[in-house]
Amino acid sequence: MRMGDIFMKPALTALAKRFRRGIPHAAAAVLLGLCGLRTQAAPVTNGIGNPMLHIPQLPRLHAQRTYNPQLTKLWHLALQQNNTEVITKTCVAIRPAVKNKVPDLHVLLPSLEHLAVSKTLPLTVKTSVVRALVEIADQHTQALLVHLDSAQPSAFAQILDPLLAKWHAVSMRSVWMARLKNPADALQVKVSAATALGAAGDHQADAVLKKVVQNAGEPLILRFAAARSLAKLRAGGVVALCKRMLKAQGHSAPQRLLSCCVLSGGKTPAQRKMLLTFAGDSNSAVAAIAWRALIKTDVNALRPLASHMSGNADPTIRLLVAKAWRRIGGNKSIDGLGATLNDQRRPVRWYARDALIFLGSHTPSRMAVIHTCRLIIHGSNPLAIRQACLVLGKLDDKASAGDFVSLLSNKSQAVRLGAMVALRRVAVRGTLPAVFKFAQRTAKNSQYVSANLKKPGYAARLNDDNLQLSQAFQFLGLMHYAPALSVMIPCIPKNAPYGVEARQAAIWAIGMIDNGQNHPKLAKQLAGRLDDMEMPMPEFEQVREMSALTLGRIHAKARLTDLNASYSAMDIGPLSLACRWAIGKITGKVPPLPHATSVFQTGFLVPLSQH
């Protein structure tokens, strides 16, 4: 379930309990699918960021996948065996092979087709064969798959219908419609048929699907599948259909859900008007479907509802309101998003923050966003203050630097962290002494907390200090603030009373500050961290990586042996790439990029040459 639907499951579960006689629990899965209108491509993050992970920008390499040519030959022989267990295991192995793009799998098709129509193989084995054929998805097998789907729907319909619908198999359309009319067919076969008709884009099925949706005697899960297909087909006449259904069957939650679902794919004024009514529904599942549809087709129609629904008890609705505000824009939307920065559910306030950054990055809205966030950071809600700091920092509001400094003494660690990130982003030199004092104070507190880790709550406090120190060190390093070395160098030892992120940032920042200097004692300390693989507690990988980068920055020629020992032409990991960069920095000659290969194997019938 992707971000945005994470709150929907409880609402649908509660709905199923309330109407347990009318809605089977399986309908919840269908309903979750109905809420799939995407309004944002990238998932939201905590918004903090770490420059040390991108300076320098190391290459991102992937292992080249190799395949043993004997693998498909072995599978071909295995499929010829009169052994059901071998055949089943081979088919199971073929499926991940397809996903990993193993070549020459088409040579297995004749054997698989022969097995699929065998009259002697058990149904369970044939099911494995059919799943392998579906995974390969070669359209030359379409006629066979159509035959299997038609002949044994109870066994293969749910497996084959999605692929045949994707292929727009014309011969299956009449079969699917016949299944919806046949009372003898199993429910799961009918649901699969209804779904396939929508996926295949068959408008000839509109009338049949409408009858299913209106038929109160049909199971709700089937009616929902038909409703979803009608939405995909953008069928006409659905407004009249929904009005008739609601009039005849009442305005219960299931009927409103069905109606809302049918309308969700439409773009006509009448459909949007009815969806707008559902957008204010008291049932969050109904409202969510309507909001998702209108955000996609007519987001401005939601303006009158946005303020009222922003206080909805269901976080799904609150998130959808934020998504609508992002698209609508304007001062009211900015104020609404600002008020959402204190939402108790993290994904909601994170989304509101990113939406404000998006709006503020455009000149017409920039000052309105900054004004709203400045008011928030002078408030008292720590959740909102942190997010507002992150917005102002991202918008490079240097005028708020003094406020960020004041917030470094706030009692809430969330506020302190947000303020520190904002100070790093606005990068005002005049704030360096205050940030340095903050780093000293936090480092001292970290030492005290580390000495009392066995006490309840102290581990969480250490983590808080760790994150704040990490951001402070990265800022001081970026600004080349030399006095900060007195706080950073004590973070190098393995047993230093600081978290790993703080130590990682300190070592990285030392190199930024001492760039081009050669300090033998410092180089020896860093080489010790780079080389520390002592079990059972080796040094953290990220600390070793930053040690390598800093050795390169301080031109530690005497430590080239250590760097070469941790660099491998066959290792594409971050540590090896950091050592490669450092070697190039010291010698002026960058070693060739590492090259790594991985051999695909499934664990079944692996060629002898791979053992």
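**Some thoughts on unusual backbone geometry**
That bond from Ile-55 to Pro-56 is cis: its omega, 0°, falls within 30 degrees of zero. Mapping Pro-56 onto the fold places it in the loop between α2 (26-34) and β1 (64-66). A cis amide bond links Met-535 with the next residue in sequence, Pro-536, at an omega value of 10°. By secondary structure assignment, the location of Pro-536 is in the loop between α29 (520-531) and α30 (541-553). Non-glycine residue His-168 carries a positive phi angle of around 55°. Of note, His-168 is situated in the loop between α8 (153-166) and α9 (170-181).

**Some thoughts on the packing of helix α20 (residues 346-360) against helix α22 (residues 382-394)**
Axes are the key here: two packed helices are described by the angle between their axes and the distance separating the axes. Closest axis-to-axis distance for the α20/α22 pair is 9 Å, and the angle between their directions is 25°. It follows that α20 is roughly parallel to α22 by the angle criterion. Judged by the twist between their axes, the crossing of α20 over α22 is right-handed. Residues Arg-349, Trp-350, Arg-353, Leu-356 and Ile-357 of α20 pack against Leu-383, Gln-387, Leu-390, Val-391 and Lys-394 of α22. Residue composition of the contact of α20 with α22, grouped by class: six nonpolar, one polar and three charged.

**Details of the confidence of the model for the chain**
In the predicted model, the chain carries a mean pLDDT of 90, and 92% of its residues have values of at least 70. When mean pLDDT is taken per element in the chain, α22 scores highest with 98 and α2 scores lowest with 44. Confidence over residues 16-41 falls short of pLDDT 50; this stretch has 48 contacts with residues more than four positions distant or in other chains.

**Focus: the nonpolar core**
Membership of the largest hydrophobic core comes to 189 residues, with the highest contact counts inside it found for Leu-112, Trp-291 and Leu-563. With residues up to four places along the chain from it excluded, the contact list for Leu-112 reads Leu-79, Cys-91, Ile-94, Val-129, Ala-132, Leu-133 and Ile-136.

**Thoughts on helix α18 (residues 315-328)**
The end-to-end C-alpha distance of α18 is 20 Å, a good match for the 20 Å that 14 residues give at a rise of 1.5 Å each. Most of α18 sits out of view: 12 of its 14 residues are buried. All buried positions along α18 are accounted for by Pro-315, Thr-316, Ile-317, Arg-318, Leu-319, Leu-320, Val-321, Ala-322, Lys-323, Ala-324, Trp-325 and Ile-328. The backbone nitrogen of Thr-316 has a side-chain oxygen 2.8 Å away, supplied by the residue at the start of α18, namely Asp-314. Once α18 finishes, Gly-329 follows within two positions and takes phi at roughly 70°, a positive value.

**Description of the state of the cysteines**
Evaluation of the coordinates by the stated rule reveals zero disulfides. Cys-261 carries a free sulfur, and the closest cysteine sulfur to it, the one in Cys-260, is 7.8 Å from it. Cysteine Cys-373 remains unbridged, with the sulfur of Cys-389 as its closest cysteine sulfur at 9.0 Å.

**Quick word on the pattern of salt bridges**
Following the criterion strictly, the structure yields 15 salt bridges and no others. The salt bridge partner of Lys-89 is Glu-85, with a shortest N-O separation of 3.3 Å. Taken together, the positions of Lys-89 and Glu-85, both in helix α4 (residues 84-99) and four residues apart, correspond to about one turn of that helix. In this structure Glu-85 comes out as partly exposed when scored by relative accessible area, which is 49%. The salt bridge involving Arg-353 is made with Asp-354; its shortest N-O contact spans 3.0 Å. Residue Asp-354 is classed as partly exposed on the basis of its relative accessible area, which comes to 24%. By sharing partners, the salt bridges in this structure join Lys-494, Arg-503, Arg-529, Asp-532 and Glu-539 into a single network.

About the thresholds
- Residues numbered from 1 in each chain as written.
- Predicted model: local features only at pLDDT ≥ 70, side-chain atom pairs only at ≥ 80, totals over all residues.
- Heavy atoms only, no water.
- Helix = DSSP H or I, 4+ residues; strand = E, 2+ residues; numbered from the N terminus.
- Axes fitted to C-alpha atoms, helices over the stretch in contact; angles between N-to-C directions.
- Parallel < 35°, antiparallel > 145°, perpendicular 65-115°, else oblique.
- Left-handed = near helix turned anticlockwise from the far one by under 90°.
- Contact = heavy atoms within 4.5 Å.
- Nonpolar A, V, L, I, M, F, W, Y, C, P; charged D, E, K, R; others polar.
- pLDDT = per-residue confidence, 0-100.
- Core = buried A, V, L, I, M, F, W, Y, C linked by side-chain atoms within 4.5 Å.
- Buried < 20%, exposed > 50% of the residue type's maximum accessible area, 1.4 Å probe, protein only.
- Expected span 1.5 Å × (residues − 1).
- Polar contact = N/O pair within 3.5 Å; in protein donor to acceptor, adjacent residues only side chain to side chain.
- Disulfide = S-S within 2.5 Å.
- Salt bridge = Lys/Arg side-chain N within 4 Å of Asp/Glu carboxyl O.

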